[in-house]
Number of protein chains: 2
Amino acid sequence: MSIELKIDRSHSLAIYQQIVEQLKDRICNGRLPAGTRLPTVRRLAADLGVTRLTVQNAYSALQEAGWVEATVGRGTFVSQAVRPTTFGRALTPALSPDTVISEILQVNHAVGLRSLASASPDPHLFPAEEFWQGLITQQTDVAATGYGSSQGDPRLRVEIARDLQERGIDAAPDEIVVVAGVTQGLSLAAQCLAQAGDRVLVEQPTYLGLLHTIKAQGLQPVAVPLDEHGPILDELERLLIQERPRFFYTIPTYQNPTGRCMALERRQAVLDLATAHGVVVVEDDIYARLAYDDPPPPPLKALDPTGSVVYVSSYSKLLMPGLRLGYLAAPPRLVERLISLRRATDLCSPPLLQRALTIFLREGGLRRHLRRVLPLYRERRNALAQALARHLPGAVQWSTPQGGFCTWLTLPNYHAFADLERAFLAQGWAVTPGEVFLAEAQTHKSLRICFGSQPPETIAAGIQVLAGLIHDRLHGRSQPQPLVNDWAPLV
Amino acid sequence: MSIELKIDRSHSLAIYQQIVEQLKDRICNGRLPAGTRLPTVRRLAADLGVTRLTVQNAYSALQEAGWVEATVGRGTFVSQAVRPTTFGRALTPALSPDTVISEILQVNHAVGLRSLASASPDPHLFPAEEFWQGLITQQTDVAATGYGSSQGDPRLRVEIARDLQERGIDAAPDEIVVVAGVTQGLSLAAQCLAQAGDRVLVEQPTYLGLLHTIKAQGLQPVAVPLDEHGPILDELERLLIQERPRFFYTIPTYQNPTGRCMALERRQAVLDLATAHGVVVVEDDIYARLAYDDPPPPPLKALDPTGSVVYVSSYSKLLMPGLRLGYLAAPPRLVERLISLRRATDLCSPPLLQRALTIFLREGGLRRHLRRVLPLYRERRNALAQALARHLPGAVQWSTPQGGFCTWLTLPNYHAFADLERAFLAQGWAVTPGEVFLAEAQTHKSLRICFGSQPPETIAAGIQVLAGLIHDRLHGRSQPQPLVNDWAPLV
């Protein structure tokens, strides 16, 4: 059996990873169905003109991820667990931020599925060896085995304060609270600022995790519409007056899910409005350092002289989400209350992980890492933009993100495209349906596409498949199934 | 200068640790004040008849903990940071579970202070090398860098389910939710079962962290009085009827703060009452495997045929708190809601730490560790019981704990002893005042004493100092300062 792989020695992807990706392609598109025996390591190495070790590495990576199974003496086979077409049914039909977050976490590890659904960095790019070096030398540090400070290791807060200066924010280590990722930061900020029944302004669309978090706290999200440059100011002002919200949640830079970046004048105007109406701004800046073109404008926190901004960020998107380490930079009047809430929630973050991150930051590891990965992510962003431009019909709206991991497709209506993500899933591809990012229902179908964790070829291949499904629906060549949806918009 | 250390080669404590502990004694009691030059390594080694490496290890440990400072060419000096008598003033005067938790976390790392305040294991006993071995081999596991399942790594849940069988609990991995320690488990359980304004029954006294957590959620604790065998049943029944609580929080085995163990018949009766009145029991079993005499009775969860018990535990007390990994075992009807709340709170626990713990548990590390540390903790418990029996006047009530890390002293009245923990602190010793464990004020002064993290000699020395302060107050030889206390009991 020939499986016709193509190795490109000038490619940024390691050769073994090229083999992995191309085999995944063939498994996903059904050319290598479950149970198929793969060529022997020796045979494939000879065919491709690569070392046996390279092929062995590729097979091991596929085996570790569950895509293939190896039996000593019999060979390597495509796993019986690979059943892409069953996903559409296996995943829960109820569409809500809660269930979708759960599914995004699952599909990252699903066998037989390529995910454009998760706004995550590529785990293969994480500098594991360098990072854990700091941890290994800390093994005998007995202080790291005990409880840590609820505010966070002071040494880590010093490094975070230094890091924030690069974003133009002048925050003292005492104004910083270490948290278990942005989700916890937002949860604590919401608990600190609002009570069950209160209203909160959010961008439309916005981060689905925030919608789930505030719903769990009994808060009511109210949608602020966006244009290309950020929140529409008239609407924002009207809602600030009318709804008397407890805070306005915004992701000004490389927004999740749209990828948009708020213009500088808009930032200033948003801040002026919030200050005038005495409403706190909760600013989520998690994607800002993933800038692929020009540097982004300064964060609202850097433009805020009056202490109106609670700033939240994390190392999840820059390094790895599994670290579960983020931070709040808050006006001094709120810091004690935030720490007290952290104490009531889970006491503290693991001191050992905080130590490892401190050492990594102190020794310039993050800067080196960004120098290395930003060109790779830029290449993926370019692959996405090219594929979208090439394959999508003009009726679909989207824009090229200048940073972050997301873009947002708006289809010309809702009903013809209601089943789009499920049809895509049946082909072995995951994306996130737009509905779960909305505080109020909208008349158009949308999708969020994430490009951070897949190589350019995979992104291009996925967009081509998606475009085919869109064309079918645009020209009535597909019979969309009615959407089973018991999810009430979160208003 | 001679500092008269005494080495006991038959002692369970390593020789370098004996040197550390005795030097800490002399620093705390003022015989080695800040700035004192210690003997050279060579000199002390010769004096004690030990190797220079041993003395060097002791000095390094003291230096790492901040008790001494070394200057090349000049020698080793007692640190200027050692100012035990300033603690009484430096620590906040407001007495509440929140501030006291904060202080307990601080005093663990405070220089010039010996802590009997924290119900923690001894960090020196943690099998760091064996434990992290599992982690190091996982460095290249890319899945561990990403987000993990909100319910917890399924492989870890399999090991926890196995572990629970040793406590007589038959829980499927699907009924288990991994959490960031018992504090998070309790916070999620409370969010799941109650809403702001609801009442919750708690033992009097109870775990101070729970009081802080439910207060942060706007819940009202109602005190259930205890006798030697557990909650007083008539009172419990009356409160179940009268207060219509959302749940009853109990620590039946080696309770924090009293160290008491609920009798088997009482467990059955508590469960019957809760079931009869349709009230969920939240059972905290974190200390149960630290049994120094007979094995404890089975947990309520193992006696519960009707799904009335939410069970919470963790590896914080068995291994190390810094891991921040615990778990809930919940009736199936509550599991989805608990996972959803976890997702709204912080998404998931660090996958890498979950992997390390999974491997450690699977390879029998916990069992080996307990075999090694239980005799040491038993020895500390014995040292505490002997010192209490020997030094305390008959007017002070306490009982010998059969497991866990705590005992509870009840003084004969309140006012004569109101400043007891502050006077003890001024001598360089930290304990936790009883007030913060109470949902309702009581007429007697109490203290919680923890013995897990100090060697027997230190415990004995501390109790002797404390007994002196109690005698002074009992016989009117001390003028107690009025207590500055703006803490309203949490009712």
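Note that the coordinates shown come from a computational prediction; the quantities given were computed from them, not determined experimentally.

## Concerning the sheet that holds strand E8 (residues 247-250) of chain B
In a beta sheet, neighbouring strands are held together by backbone hydrogen bonds and run either parallel or antiparallel to one another.
Residues and elements named next belong to chain B.
Alright, step 1. The sheet built from eight strands is open, its strands ordered E4-E11-E10-E9-E8-E5-E6-E7 with mixed pairing. Either end of the sheet is taken by a strand with one partner, and the two such strands are strand E4 (176-179) and strand E7 (230-231).
Alright, step 2. Two elements, strand E6 (residues 220-227) and E7, share two bridges in a ladder whose sense is antiparallel. Bridge pairing in E7 places leucine 226 opposite proline 231.
Alright, step 3. Against the sheet, helix H7 (residues 154-165) engages E4, strand E10 (309-314) and strand E11 (326-329), with an angle of about 110 degrees to E4.
Alright, step 4. Here helix H10 (residues 233-243) sits on the sheet in contact with strand E5 (199-204), E6, E7 and E8, set at roughly 160 degrees to E6.

## A short note on the sheet that holds strand E9 (residues 280-284) of chain A
Residue and element names in this part refer to chain A.
Alright, step 1. Pairing within the open sheet is mixed, and its eight strands lie in the order E4-E11-E10-E9-E8-E5-E6-E7. Either end of the sheet is taken by a strand with one partner, and the two such strands are strand E4 (176-179) and strand E7 (230-231).
Alright, step 2. Its contacts with the sheet place helix H12 (residues 332-345) against E4, E9, strand E10 (309-314) and strand E11 (326-329), and it is angled at close to 20 degrees to E4.

## Some words on the relation of the copies chain A and chain B
Between the two chain copies there is a screw-like relation: a rotation about an axis and a shift along it.
Alright, step 1. It takes a turn of 180 degrees to lay chain A on chain B, together with a shift of 0.0 Å along the axis; the resulting RMSD is 0.1 Å. A rotation of that kind, with that shift, is consistent with a two-fold axis.
Alright, step 2. By residue overlap, the copies meet face to face through one surface: 100% of the interface positions of chain A are interface positions in chain B.

## A word on the nonpolar core
Alright, step 1. Among the nonpolar cores identified, the biggest contains 235 residues, and Trp132 of chain A together with Trp132 of chain B are the most heavily contacted of them.
Alright, step 2. At nine residues, helix H14 (residues 365-391) of chain A tops the list of elements feeding residues into this core.

## So, the domain arrangement of chain A
All names here are of chain A.
Alright, step 1. Partitioning chain A into structural domains gives domain 1 (15-82), domain 2 (97-125 + 368-486) and domain 3 (128-364).
Alright, step 2. Each partner contributes to the interface: domain 2 provides 31 residues, whereas domain 3 provides 35 residues.
Alright, step 3. Contact between domain 2 and domain 3 buries roughly 2900 Å² in total, counting both sides, with carbon and sulfur atoms accounting for 58%.
Alright, step 4. On the domain 2 side of the contact with domain 3, Arg368, Gln402 and Phe437 bury the most area, a combined 20% of that side's loss.

## What about the pairing of E6 of chain B?
If a strand is regular, its side chains alternate between the two faces of the sheet.
All names here are of chain B.
Alright, step 1. The sheet contact formed by E5 and E6 spans six bridges and is parallel. Bridged to valine 200 within E6 is proline 221.
Alright, step 2. As for the winding sense of the linkage, the β-α-β connection from E5 through helix H9 (residues 208-216) to E6 is right-handed.
Alright, step 3. Linking two consecutive strands that pair antiparallel, namely E6 and E7, is a turn of two residues.

## Observations regarding the environment of leucine 271 of chain A
All names here are of chain A.
Alright, step 1. As for its position among the elements, leucine 271 is in helix H11 (residues 264-276).
Alright, step 2. In sequence terms leucine 271 and threonine 306 are 35 residues apart; their C-alpha atoms lie 9.8 Å from each other.
Alright, step 3. If we skip the residues at most four places from it in the chain, leucine 271 touches Leu300, Leu303, Asp304 and Val309.

## A word on the packing of aromatic side chains
Alright, step 1. Counted according to the given criterion, the structure contains 22 aromatic pairs over all chains.
Alright, step 2. An angle of 10 degrees between the planes, with centres 5.9 Å apart, marks the rings of phenylalanine 424 of chain A and tryptophan 429 of chain A as stacked. Here phenylalanine 424 of chain A matches tryptophan 429 of chain A in class, with each residue buried.
Alright, step 3. Summarising the aromatic geometry, the rings of tyrosine 287 of chain B and phenylalanine 405 of chain B are spaced 6.3 Å apart at their centres and angled 85 degrees between planes, so their arrangement reads as edge-to-face. One end of the pair, tyrosine 287 of chain B, is in the loop between strand E9 (280-284) and helix H12 (300-303); the other, phenylalanine 405 of chain B, is in the loop between helix H15 (365-391) and strand E12 (406-410), with 118 residues separating them in the sequence.
Alright, step 4. A relative accessible area of 2% means that tyrosine 287 of chain B is categorised as buried.
Alright, step 5. Among the aromatic residues, those joined into a ring-pair cluster are Tyr287, Tyr292, Tyr377, Phe405 and Phe451 of chain A.

## Observations concerning the pattern of salt bridges
Two side chains of opposite charge can pair, provided their charged atoms sit close to one another.
Alright, step 1. Enumeration over the complete set of coordinates arrives at 45 salt bridges over all chains.
Alright, step 2. In this structure, lysine 445 of chain A and glutamate 435 of chain A form a salt bridge, with 2.9 Å as the shortest nitrogen-oxygen distance. Taken together, the residues span a long stretch of sequence, with lysine 445 of chain A in the loop between strand E14 (432-433) and strand E15 (446-450) and glutamate 435 of chain A in the loop between E14 and E15 at a distance of 10 residues. The same class applies to lysine 445 of chain A and to glutamate 435 of chain A, which are both buried.
Alright, step 3. When the shortest N-O distance is used, the salt bridge between aspartate 153 of chain B and arginine 155 of chain B registers 3.1 Å.

## Observations concerning the pairing of strand E2 (residues 75-78) of chain A
Residues and elements named next belong to chain A.
Alright, step 1. Examined bridge by bridge, strand E1 (residues 68-71) and E2 share four bridges and lie antiparallel to one another. In the strand pairing of E2, threonine 71 is matched with glycine 75.
Alright, step 2. Connecting the antiparallel pair E1 and E2 is a turn made up of three residues, with glycine 73 showing a positive phi of about 85 degrees.

## A few points about unusual backbone geometry
All names here are of chain B.
Alright, step 1. In this structure, the amide linkage connecting glutamine 204 to the following residue, proline 205, adopts the cis form with an omega of 0 degrees.
Alright, step 2. By the secondary structure assignment, proline 205 is in the loop between E5 and H9.
Alright, step 3. Following asparagine 256, the chain continues to proline 257 via a peptide bond in cis, the omega torsion being 20 degrees.
Alright, step 4. If you trace the backbone, proline 257 turns up in the loop between E8 and helix H11 (264-276).

## Digging into the interface of chain A and chain B
The figure often quoted for interface size is the accessible area lost as the parts come together.
Alright, step 1. Taken together, the contacts link 52 residues of chain A with 52 residues of chain B.
Alright, step 2. Counting the surface lost from both chain A and chain B, the interface buries some 4400 Å², and carbon and sulfur atoms represent 62% of this.
Alright, step 3. In this structure, the connection of chain A to chain B is made through zero salt bridges.
Alright, step 4. The interface formed by chain A and chain B holds 16 residue pairs in polar contact (both at pLDDT 80 or more) in total.
Alright, step 5. When contributions to the side of chain A that touches chain B are tallied by element, the ones reaching two or more residues are helix H5 (97-107), helix H6 (128-136), helix H8 (182-193), helix H9 (208-216), H12 and helix H13 (351-362) of chain A.
Alright, step 6. When grouped by side-chain class, the residues that make up the side of chain A that touches chain B number 25 nonpolar, 19 polar and eight charged.

## Concerning the packing of helix H2 (residues 41-48) of chain B against helix H3 (residues 52-64) of chain B
Residue and element names in this part refer to chain B.
Alright, step 1. Viewed as axis vectors pointing N to C, H2 and H3 meet at an angle of 120 degrees, and their least axial separation amounts to 8 Å. The angle between H2 and H3 falls in the class oblique. The hand of the H2/H3 crossing is right-handed. Here Val41, Arg42, Leu44 and Ala45 of H2 lie close against H3, whose contacting residues are Arg52, Val55, Gln56 and Tyr59.
Alright, step 2. Of the residues belonging to the contact of H2 with H3, the class tally is five nonpolar, one polar and two charged.

## Some details on the side chain of glutamine 217 of chain B
Residue and element names in this part refer to chain B.
Alright, step 1. With respect to the secondary-structure elements, glutamine 217 resides in the loop between H9 and E6.
Alright, step 2. Using a relative accessible area of 18% as the deciding quantity, one classes glutamine 217 as buried.
Alright, step 3. A distance of 3.1 Å separates the side chain of glutamine 217 from the backbone oxygen of serine 187, its partner in a polar contact.
Alright, step 4. Of the polar contacts made by the side chain of glutamine 217, one reaches the backbone nitrogen of glutamine 191; its length is 3.3 Å.
Alright, step 5. Apart from the residues lying within four places of it in its own chain, the contact partners of glutamine 217 are Ser187, Ala190, Gln191 and Ala196.

## Some remarks on the packing of H10 of chain B against H11 of chain B
Residue and element names in this part refer to chain B.
Alright, step 1. One can describe the packing of H10 onto H11 by two numbers: an axis separation of 10 Å at closest approach and a directional angle of 15 degrees. It follows from the interaxial angle that H10 and H11 lie roughly parallel. Note that H10 runs across H11; the crossing there is right-handed. In contact with Leu233, Leu236, Glu237 and Leu240 of H10, H11 contributes Arg266, Ala269, Val270, Leu273 and Ala274.
Alright, step 2. Residue composition of the contact of H10 with H11, by class: seven nonpolar, no polar and two charged.

## What about the confidence of the model for chain A?
As a general rule, the predicted coordinates of low-pLDDT regions are not to be interpreted in detail.
All names here are of chain A.
Alright, step 1. Model confidence for chain A is summarised by a mean pLDDT of 89, while 92% of its residues fall at 70 or above.
Alright, step 2. Segment residues 84-93: pLDDT under 50, and 18 contacts once partners within four positions in sequence are set aside and those in other chains are kept.
Alright, step 3. Here residues 481-491 is modelled with pLDDT under 50, and outside its nearest four sequence neighbours on either side it reaches 27 contacts, counting other chains as well.

Conventions and cut-offs
- Residues numbered from 1 in each chain as written.
- Chains lettered and ligands numbered in written order.
- Predicted model: local features only at pLDDT ≥ 70, side-chain atom pairs only at ≥ 80, totals over all residues.
- Heavy atoms only, no water.
- Pairing = 2+ DSSP bridges.
- Helix = DSSP H or I, 4+ residues; strand = E, 2+ residues; numbered from the N terminus.
- Contact = heavy atoms within 4.5 Å.
- Axes fitted to C-alpha atoms, helices over the stretch in contact; angles between N-to-C directions.
- Least-squares fit on C-alpha atoms with pLDDT ≥ 70 in both.
- Core = buried A, V, L, I, M, F, W, Y, C linked by side-chain atoms within 4.5 Å.
- Buried < 20%, exposed > 50% of the residue type's maximum accessible area, 1.4 Å probe, protein only.
- Domains from an automatic or database assignment.
- Buried area = accessible area lost by both parts, 1.4 Å probe.
- Right-handed = clockwise from strand over helix to strand, strands pointing away.
- Phe/Tyr/Trp six-rings, centres within 6.5 Å; stacked < 30°, edge-to-face > 60°.
- Salt bridge = Lys/Arg side-chain N within 4 Å of Asp/Glu carboxyl O.
- Polar contact = N/O pair within 3.5 Å; in protein donor to acceptor, adjacent residues only side chain to side chain.
- Nonpolar A, V, L, I, M, F, W, Y, C, P; charged D, E, K, R; others polar.
- Parallel < 35°, antiparallel > 145°, perpendicular 65-115°, else oblique.
- Left-handed = near helix turned anticlockwise from the far one by under 90°.
- pLDDT = per-residue confidence, 0-100.

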